Amino acid sequence: RRYGLWLRLRKLIIWLLGMYVAIPFLVKLCPAIQAKLVFLNFVRVPYFIDLKRPQDQGLNHTCNYYLQPEEDVTIGVWHTVPAALWKNARGKDQLWFEEALGSSHPVILYLHGNAGTRGGDHRVELYKVLSSLGYHVVTFDYRGWGDSIGSPSERGMTYDALHVFDWIKARSGDNPVYIWGHSLGTGVATNLVRRLCERETPPDALILESPFTNIREEARSHPFSVASTQYFPGFDWFFLDPITTSGIKFANDENVKYISCSLLILHAEDDPVVPFHLGKKLYNIAVTSRSFRDYKVQFVPFHTDLGYRHKFIYRSPELPRILREFLGKSEHEHHH
């Protein structure tokens, strides 16, 4: 009996060693695997929601649209109006919602992180907070996420964001338009804003929640990677190089050198996904960049004791004041 148990244990050890060697080579030979792990667009949490019905998530003043950034690409968009327009919004059609963007309320374009959809719980809670503060919130699922059609790529995600920004600007008149990126969405946000600044149509402000410096540094700082780098020789070559090979950079640290608009960074000290020190490092790069010379750059940390971790900053009772003070100044800059 003891011999049989030893045989089984030996088989298990050999199998584990085999996996330990095989997985890195598999990732190296097939960079698409690593791209999938960065995007996690196949994770549809919460699973059983109908994205055509935002009202099921308690968003009774939200309209679902579909836009087409490119041929063969369709993206699902939600537009939540400010709380002041809730009553009027009841039963209204898409045309009413589009025209409402021209009402005298600022607009926030929200770019979500990896995994899940525009209907994710923490995302919905943030839309509600922002709506109660008087903002239109426009958010969407990048190609390949949610019910959006297309294959995910950094270029594609950035192009989708540009398309939605231009769609908003065509309808919002002189109202300020702010861009808010969370987690992986901060990479899309800085890509977008860099392009907007280069074509001289910057947004009125950029808000980065839980940002990193670049995807390679974020991947190396991820809890899984920190454990692996200690025990795995050639970790960068096997796991990080394939990300770069896939054309995935999300270089926030490079992009901020070309951005000229107000910047607000929000980061929780107990963030287990994107370490706090990466957000702080990005702030230090931005604050010394010549492109921000005439603009406000602010970093707001949230203490570990608050427990906001990676995606609960929306719970902060301080958030309305932080946004009012920061965006109030941005609106002032906008009008002068």
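Being a predicted model, the structure only gives us computed values, none of them experimental.

Rules used in this analysis
Residues numbered from 1 in each chain as written. Predicted model: local features only at pLDDT ≥ 70, side-chain atom pairs only at ≥ 80, totals over all residues. Heavy atoms only, no water. Helix = DSSP H or I, 4+ residues; strand = E, 2+ residues; numbered from the N terminus. Buried < 20%, exposed > 50% of the residue type's maximum accessible area, 1.4 Å probe, protein only. Contact = heavy atoms within 4.5 Å. Areas by Shrake-Rupley, 256 points an atom, 1.4 Å probe, with all protein chains shown as cover. Core = buried A, V, L, I, M, F, W, Y, C linked by side-chain atoms within 4.5 Å. Domains from an automatic or database assignment. Salt bridge = Lys/Arg side-chain N within 4 Å of Asp/Glu carboxyl O. Expected span 1.5 Å × (residues − 1). pLDDT = per-residue confidence, 0-100. Pairing = 2+ DSSP bridges. Axes fitted to C-alpha atoms, helices over the stretch in contact; angles between N-to-C directions. Right-handed = clockwise from strand over helix to strand, strands pointing away. Phe/Tyr/Trp six-rings, centres within 6.5 Å; stacked < 30°, edge-to-face > 60°. Lys NZ or Arg CZ within 6 Å of the ring centre and 35° of its normal. Polar contact = N/O pair within 3.5 Å; in protein donor to acceptor, adjacent residues only side chain to side chain.

K.L.:
Which residues make up the overall build of the chain, and what values go with them?
P.N.:
Secondary structure assignment for the chain yields 13 helices and eight strands. Split into buried and exposed, the 336 residues of the chain put 51% on the buried side. For the chain, restricting intrachain contacts to residue pairs at least 6 apart in sequence, the fraction spanning at least 24 positions comes to 76%. Summed over all atoms, the accessible surface of the chain reaches about 16,000 Å², with 57% contributed by carbon and sulfur.

K.L.:
Which residues make up the nonpolar core, and what values do they have?
P.N.:
F39, L109, L111, F140, I179, L206 and F250 are the most contacted members of the largest nonpolar core, which has 57 residues in total. Looking at which domains feed residues into this core, each of domain 1 (1-39 + 217-248) and domain 2 (43-216 + 250-327) supplies at least three. Not counting residues within four places of it along the chain, the set of residues in contact with L206 comprises I179, A189, T190, V193, I259, C261, S262, L263 and L264. I207, L264, V300 and L323 belong to the second-largest nonpolar core, a separate cluster that totals 29 residues.

K.L.:
Give a description of the environment of E99 that names residues and reports values.
P.N.:
Mapped onto the elements, E99 comes out in helix α4 (residues 94-100). Counting along the chain gives 72 residues from E99 to R171, while the straight-line C-alpha distance between them is 6.7 Å.

K.L.:
Give me the pattern of salt bridges: which residues, what numbers.
P.N.:
Close approach of charged atoms allows side chains with opposite charge to pair. The full count for this structure, using the stated rule, is 14 salt bridges. Residue R155 pairs with E70 through a salt bridge whose shortest N-O separation is 3.3 Å. With a gap of 85 residues between them, R155 in helix α6 (residues 154-169) and E70 in strand β1 (residues 62-70) connect regions that are remote in the sequence. Relative accessible area serves as the criterion here: at 24%, E70 is assigned to the partly exposed category. For the salt bridge of E217 with K281, the shortest nitrogen-to-oxygen distance reads 2.7 Å. With E217 in helix α8 (residues 215-221) and K281 in helix α12 (residues 276-287), this residue pair connects regions lying 64 residues apart in the sequence. Look at the salt bridges and you will find they share partners, linking E70, R143, R155 and D160 into a network.

K.L.:
Provide a residue-level description of unusual backbone geometry, including the pertinent values.
P.N.:
Its identity is not glycine, yet D72 carries a phi of approximately 70°, on the positive side. Considering the arrangement of structural elements, one finds D72 in the loop between β1 and β2 (73-80). What makes D72 exposed here is its relative accessible area of 64%. Even without being a glycine, S183 presents a positive backbone phi close to 55°.

K.L.:
Pulling in residues and values, what's your account of α6?
P.N.:
The end-to-end C-alpha separation of α6 is 23 Å, in line with the 22 Å expected for 16 residues at 1.5 Å each. Taken together, the buried positions of α6 are occupied by E154, G156, M157, T158, D160, A161, L162, V164, F165, W167 and I168.

K.L.:
Lay out the confidence of the model for the chain in plain terms, naming residues and giving numbers.
P.N.:
Per-chain confidence: the chain averages 88 in pLDDT, with 85% of residues scoring 70 or above. Predicted confidence is poor over residues 332-336, with pLDDT under 50, and the contacts of this stretch with residues over four places away or in other chains come to six contacts.

K.L.:
Let's hear about the side chain of T186: which residues, and what values?
P.N.:
Positionally, T186 belongs in helix α7 (residues 184-198). Excluding its chain neighbours within four sequence positions, the residues that come into contact with T186 are G181, L208, E209, S210, P211, F212 and N252.

K.L.:
So what about the sheet that holds strand β7 (residues 262-268)? Which residues, and what values?
P.N.:
Ordered in space as β1-β2-β4-β3-β5-β6-β7-β8, the eight strands form an open sheet in which the pairing is mixed. The two strands at the open ends of the sheet, each matched to only one other strand, are β1 and β8 (297-302). When the angles between neighbouring strand axes are averaged without regard to direction, this sheet yields 20°. As defined by bridge partners, β2 adjoins strand β4 (residues 136-140) across four bridges and the pair is classed as antiparallel. By the bridge assignment, W78 is partnered in β4 with T139. Against the sheet, α6 contacts β1, β2, β3 (107-111), β4 and β5 (177-182), and its axis sits at roughly 120° relative to β1.

K.L.:
Tell me about the pairing of β8, and name the residues and values.
P.N.:
As defined by bridge partners, β7 adjoins β8 across six bridges and the pair is classed as parallel. Following the sheet pairing, I265 is matched in β8 by F299. For the handedness criterion, the β-α-β arrangement of β7, α12 and β8 is classed as right-handed.

K.L.:
Residues and numbers for the packing of aromatic side chains, please.
P.N.:
Considering all chains together, one arrives at 12 aromatic pairs under this definition. When the centroid spacing of 5.1 Å and the interplanar angle of 80° are considered together, the rings of W96 and F97 count as edge-to-face. What links up through ring pairs into an aromatic cluster is the set F39, F140, Y142 and W145. Here K92 stacks its cationic end above the ring of W96, 5.6 Å away from the centre of that ring. Across the ring face of F312, the terminal group of R315 is positioned such that the distance to the ring centre comes to 4.1 Å.

K.L.:
Which residues make up the side chain of N41, and what are the values?
P.N.:
Topologically, N41 is positioned in the loop between α2 (31-39) and β1. Separated by 3.0 Å, the side chain of N41 and the backbone oxygen of G144 make a polar contact.

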